[in-house]
Amino acid sequence: MSNTIEKPHDFAGPVVIPHPAQLDALMPVDDTLETNHIVGFDGNDIRSRPFNLLRSQVIKTLEANSWKLFGLTSATPAAGKSFLSLNLAAALSRLSDKTIYLFDLDLRRGSLADALGIEGKVGLGEFLSGKTDDLHSIGHRVGDGNLALFPCYRVKSNSAELLASKRFEALMAAIKNLPDDVIVICDLPPAFANDDTIMIAQFLDAYMLVIEQGITTKKQMNNTVSLLNPTPCLGTVLNRYVGGLIDPYGYGYGSGAYNKYYSG
């Protein structure tokens, strides 16, 4: 008799990642977006400006390195990485020549579904644990654009075990094989919360590090980079920056002229 215990999340078959057009459409409620500060879908909203600028920098770096798969993480919880992941994905989705996928891989504390007002029970945790094989039943097309969201509803099982499974390997392999016009963002756990981010990072082309002003220390930032080495750091984002008196958005120039520019 074999001593090998076959676990339900072991998986050898191919993973099919549906195109956004193949998913059920989700039309976010304006009040929900406003409550959760999701502004990246509206290019005429002055608050989307930082995400538009970040979008251009990200695309330039991805194309220069032939990358398409990156994650967002932070050293510690509550730095705003999920807020940035969703707003960046929203800003990217407004580009007609790109298809955007957003995967919530913060298995213990997934929050993207809540931010968009999605109520459900079947997410990436259920896929990795073997409770479903169908990513069509998990994903949502956000609005009528080209953004696909695959949420997570906070697993109760050991997240590291799920990330070490063949299912996760197969999922990441399928993501890697997506067409060249695709950009994939993974919302990751905080780097020091557990070893989940280290396990995920080995499958990524790069990661972006979210730094919270006045909270994240230089030591935490450097240790995170060392922890996730050799995966390249795509760049850092300073979140919750308190700008000067001239520019409330922290850029130090332009002042109220931006209000006129966007309102005009």
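Placed above this text is the structure.
Residues numbered from 1 in each chain as written. Predicted model: local features only at pLDDT ≥ 70, side-chain atom pairs only at ≥ 80, totals over all residues. Heavy atoms only, no water.

### Focus on the nonpolar core
Counting residues in each nonpolar core, the largest one holds 36 residues, and the members touching the most others are Phe-70, Ile-185 and Met-208. For this core, the element with the highest residue contribution is helix α3 (residues 81-93), accounting for six residues. Beyond its immediate stretch of four places on either side in the chain, Ile-185 contacts Phe-70, Leu-72, Ser-85, Leu-88, Ala-89, Leu-92, Tyr-101, Leu-102 and Phe-103. (Core = buried A, V, L, I, M, F, W, Y, C linked by side-chain atoms within 4.5 Å. Buried < 20%, exposed > 50% of the residue type's maximum accessible area, 1.4 Å probe, protein only. Helix = DSSP H or I, 4+ residues; strand = E, 2+ residues; numbered from the N terminus. Contact = heavy atoms within 4.5 Å.)

### Considerations on the pairing of strand β5 (residues 147-150)
Alternating residues of β5 divide into Leu-147 and Leu-149 and Ala-148 and Phe-150, and every residue in both groups is buried. Where strand β3 (residues 99-104) meets β5, four bridges bridge the pair, whose relative direction is parallel. Of the residues in β5, the one forming a bridge with Leu-102 is Leu-149. In this structure, strand β4 (residues 140-142) lies alongside β5, joined through two bridges in antiparallel fashion. Bridge assignment links Arg-141 to a residue of β5, and that residue is Ala-148. Hairpin connection between β4 and β5: a loop of four residues separates the two successive antiparallel strands, and Gly-143 in this loop has a positive phi of roughly 70 degrees. (Pairing = 2+ DSSP bridges.)

### Considerations on the packing of aromatic side chains
Counted by the stated rule, this structure contains five aromatic pairs. Ring geometry for Tyr-101 against Phe-150: centres 6.3 Å apart, planes inclined by 20 degrees, an arrangement best described as stacked. Remark: Phe-150 occurs in strand β5 and Tyr-101 occurs in strand β3; sequence separation between them is 49 residues. Judged on exposure class, the residue Tyr-101 and its partner Phe-150 are both buried. (Phe/Tyr/Trp six-rings, centres within 6.5 Å; stacked < 30°, edge-to-face > 60°.)

### Some details on the environment of Asp-144
Assignment of secondary structure puts Asp-144 in the loop between β4 and β5. Between the alpha carbons of Asp-144 and Leu-26 there is a distance of 8.2 Å; along the sequence they are 118 residues apart.

### Focus: the pattern of salt bridges
A full pass over the atoms with the stated rule returns seven salt bridges. Between Arg-47 and Glu-34 there is a salt bridge; the shortest N-O distance is 3.0 Å. Of the two residues, Arg-47 sits in the loop between α1 (30-35) and α2 (49-65) while Glu-34 sits in helix α1, which places them 13 residues apart along the sequence. For Arg-47, a relative accessible area of 29% puts it in the partly exposed group. Between Lys-81 and Asp-187 there is a salt bridge whose closest N-O contact spans 3.5 Å. Taken together, the positions of Lys-81 in helix α3 and Asp-187 in strand β6 (residues 182-187) put the pair 106 residues apart, joining distant regions of the chain. (Salt bridge = Lys/Arg side-chain N within 4 Å of Asp/Glu carboxyl O.)

### Notes on the pairing of β3
With six of its six residues buried, β3 lies for the most part within the structure. Of the two faces of β3, the one carrying Thr-99, Tyr-101 and Phe-103 and the one carrying Ile-100, Leu-102 and Asp-104 are both buried. Summarising the sheet, β3 and β6 pair through six bridges and their orientation is parallel. Counterpart to Phe-103 in the pairing with β6 is Cys-186.

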